[in-house]
Amino acid sequence: MTLLPVLLAGGAGSRLWPLSREQYPKQFLALTNAHSLLQNTALRTQTLANVAPPLAICAESHRFIVAEQLRAVNMTGAKVLLEPEGRNTGPATTCAALLAAELYGPETVLFVMAADHTIPDEAAFAKASAIAVEAAKAGHIVSFGIQPTHPETGFGYIKAGTPLPVDGARLIAEFVEKPPLAKAKEFLEVGGYYWNGGMFLFRADVFLAEVQRLEPEMYDACVSSLANGQRDADFVRLHGPSFGNARNESIDYAVMEKTDKAALVVLDAGWDDVGSWNFLAKLPQVDARGNVARGDVMVEDCDGTLVHGTHRLVTVLGLKDTVVVETVDAILVASRDRLQDVKKVVQRLKAAKRTEALARPRVYRPWGWYETISLSDRFQVKRIMVKPGEKLSLQMHHHRAEHWVVVNGTARVTNGEKVFLLGEDESTYIPLGHTHRLENPGKVPLELIEVQSGSYLGEDDIVRFEDVYGRTPVPAGMP
């Protein structure tokens, strides 16, 4: 019986601003080690028995990031299911189950999990997963209850019920909404209550039968969106109008709280949903006063202070229970007891149309990345990296000219009617209105400095004539 990991890679992760941005949210960040949260989640699943390459679910705008990150950790054969819009986990999971039944058979076991959580104890994770697989084979839809470590008011709870014949699995007696602090303390004292970690394991046919019974309109919308979608080697694009007909609902409300097949397996493996910068407190301390520091950081006479630096020296003095997060274009300083409100800051930034809410200075594209080094009214300087064998679209600009200087690797340049190679320390000028393209024909990354000059430097000043990545001919903001 095939086990298919389903990685839910949507969401904005706004509470981890300024590192997490709308165009590059937290699941794509390396926060605990050299791999991103998405990559760590995918790698964790590959230790399980009879496991298939993962199926990731994400927004269209993140498709190349997901595909590239999975390729970077050798997830050969991984599929990416593209949502036309966010409709919560109910429709996404239903579409995943439909696709799994088609690819591997109706008895395929799906392991649905968020791509932005951490689980450090992988042995405990594997043990709980094996129990859940046995319960799923017996026809149950399994939810993983996280062993609580403190009275948490930000999570829903699951109450354990009658034991099942599968050792380590129980029926679910009750789902409990996020409780007040007094009730959360009571749950911890009496025992038998677990955090709802949003992880599920079930057979495709069992889950789909329940969706069809409990949410027939959602089921029909998902069947139609998959049947009328588009497919290529890496991506399965759901049909937008059909998918939009599915009710915006979580798997918990759509299925788990209504079904009589819900079961519970306890997971005690250090799980964390990385829901705020407080997750840094789980990392090794730098001193005996509860301070945590990552990056080029100097801590002096502080208590319980969490500091994350990325681009420069960060020094903190005399702080208590404070979080400091530094990036190249924004700095967050917040009290640890107010970290859930970081999303309010992001909302204000969006209302003010500040780019810091949306994108980081380094913007990733399927061909590589670019970052702005300097920007003024009539000029912009960018650093560009093109991966070996990749190329940008054939394009032109109405309002700006460009000067390219190669600093590493070899570039193949299309400039009007001419096609030629540029080596290190060589340059070329792209006049306003000229059709042009940049390619990397070599085996090492191509890096260059681009100087733009003109009356308008916005990313929407692009006319695209040809693109190998299937992007629209004249997009806004996608070079």
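Residues numbered from 1 in each chain as written. Predicted model: local features only at pLDDT ≥ 70, side-chain atom pairs only at ≥ 80, totals over all residues. Heavy atoms only, no water.

1. Notes on the overall build of the chain
Along its length, the chain carries ten helices and 28 strands. Whereas a compact globule of 479 residues would reach a radius of gyration of roughly 23 Å, the chain reaches 25 Å, a difference of no more than 12%. Out of the 479 residues belonging to the chain, those deemed buried represent 52%. In the chain, once contacts between residues fewer than 6 apart in sequence are set aside, the share between residues at least 24 apart is 67%. Entry remark: accessible area of the chain is about 21,200 Å², with carbon and sulfur atoms responsible for 51%. (Helix = DSSP H or I, 4+ residues; strand = E, 2+ residues; numbered from the N terminus. Rg over C-alpha atoms; globule rule 2.2 N^0.38 Å. Buried < 20%, exposed > 50% of the residue type's maximum accessible area, 1.4 Å probe, protein only. Contact = heavy atoms within 4.5 Å. Areas by Shrake-Rupley, 256 points an atom, 1.4 Å probe, with all protein chains shown as cover.)

2. Some points on the environment of Gln395
Looking at where Gln395 falls in the secondary structure, it is placed in strand E21 (residues 394-396). Judged by its relative accessible area of 5%, Gln395 is buried. Taking the C-alpha atoms as reference points, Gln395 and Tyr429, 34 residues apart in sequence, are found 15 Å from one another. Of note is the side chain of Gln395, whose polar atom sits 3.5 Å from the side chain of His397. (Polar contact = N/O pair within 3.5 Å; in protein donor to acceptor, adjacent residues only side chain to side chain.)

3. Overview of the sheet that holds strand E17 (residues 331-335)
By definition, the strands of a sheet pair up through backbone hydrogen bonds, in either a parallel or an antiparallel sense. As summarised here, the arrangement of the four strands in space is E12-E14-E16-E17, forming an open sheet in which the pairing is mixed. Edge positions in the open sheet fall to strand E12 (292-294) and E17, since each of these has one partner strand only. Sheet twist, expressed as the average angle between the axes of neighbouring strands with direction ignored, equals 5°. By the bridge criterion, three bridges tie strand E14 (residues 306-308) to strand E16 (residues 322-326) in an arrangement that is parallel. Its bridge partner lying in E16, His308 is registered against Val325. (Pairing = 2+ DSSP bridges. Axes fitted to C-alpha atoms, helices over the stretch in contact; angles between N-to-C directions.)

4. As for the environment of Glu177
Here Glu177 shows up in the loop between strand E7 (169-176) and helix H5 (181-190). The contact partners of Glu177, leaving out residues within four places of it in the chain, are Gly156, Tyr253 and Glu257. A polar contact of 2.8 Å, which involves the side chain of Glu177, links it to the side chain of Tyr253.

5. Observations regarding the sheet that holds strand E25 (residues 427-430)
Taken in spatial order, the six strands line up as E18-E19-E20-E27-E22-E25 in an open sheet, and their pairing is antiparallel. Looking at strand neighbours, the two that pair on one side only are strand E18 (362-365) and E25, the edges of this open sheet. The sheet shows a mean angle of 20° between the axes of neighbouring strands, taken without regard to direction. Bridge count for strand E19 (residues 368-375) against strand E20 (residues 379-386) is seven bridges, and the pairing is antiparallel. Counterpart to Tyr370 in the pairing with E20 is Ile384.

6. So, the packing of aromatic side chains
Enumeration according to the criterion identifies twelve aromatic pairs in this entry. Geometrically, the ring pair formed by Trp195 and Trp271 is tilted, given 6.4 Å between the ring centres and 55° between the ring planes. Taken as a pair, Trp195 in strand E8 (residues 193-203) and Trp271 in the loop between strand E11 (262-267) and E12 lie far apart in primary sequence, 76 residues in all. The exposure class assigned to Trp195 is buried, which follows from its relative accessible area of 3%. (Phe/Tyr/Trp six-rings, centres within 6.5 Å; stacked < 30°, edge-to-face > 60°.)

7. Focus on the confidence of the model for the chain
Considering every residue of the chain, the mean pLDDT works out to 92; 98% of them sit at 70 or more. Scored below 50 in pLDDT, residues 473-479 shows 24 contacts in the model against residues more than four places distant or in partner chains. (pLDDT = per-residue confidence, 0-100.)

8. Looking at helix H4 (residues 122-137)
Its 16 residues give H4 an end-to-end C-alpha distance of 22 Å, which sits within 8% of 22 Å, the value for a rise of 1.5 Å per residue. Inspection of H4 places Phe125, Ala128, Ser129, Ala132, Val133, Ala135 and Ala136 among the buried residues, and these make up the whole buried set. Viewed along the axis of H4, the buried residues span an arc of 160°, placing them on a single side of the element. Residues of H4 that are exposed and angled more than 90 degrees away from the buried face: Ala123 and Lys127. A side-chain oxygen of the first residue of H4 lies 3.4 Å from the backbone nitrogen of Ala123; this N-cap is Asp121. After H4 finishes, the residue Gly139 shows a positive phi value of roughly 100°. (Expected span 1.5 Å × (residues − 1). Arc of directions from axis to C-beta.)

9. Concerning the nonpolar core
With 91 residues, the main nonpolar core has Val66, Phe111, Phe144, Met199, Leu201, Trp277 and Leu438 as its most contacted residues. When neighbours within four sequence positions are excluded, Val66 is seen to be in contact with Ala9, Phe28, Leu38, Ala56, Cys58 and Val80. Formed by 45 residues, the second largest nonpolar core is a distinct cluster that contains Leu110, Leu208, Ala221 and Cys222. (Core = buried A, V, L, I, M, F, W, Y, C linked by side-chain atoms within 4.5 Å.)

10. With respect to the packing of helix H3 (residues 89-104) against helix H6 (residues 204-214)
Their axes nearest at 9 Å, the elements H3 and H6 cross at an angle of 135°. Judged by the angle between their axes, H3 and H6 are oblique. Remark: the crossing between H3 and H6 carries left-handed chirality. Only Ala204, Phe207, Leu208 and Val211 of H6 make contact with H3, whose side of the interface consists of Thr93, Thr94, Ala97, Leu98 and Ala101. Looking at the contact of H3 with H6, its residues break down into seven nonpolar, two polar and no charged. (Parallel < 35°, antiparallel > 145°, perpendicular 65-115°, else oblique. Left-handed = near helix turned anticlockwise from the far one by under 90°. Nonpolar A, V, L, I, M, F, W, Y, C, P; charged D, E, K, R; others polar.)

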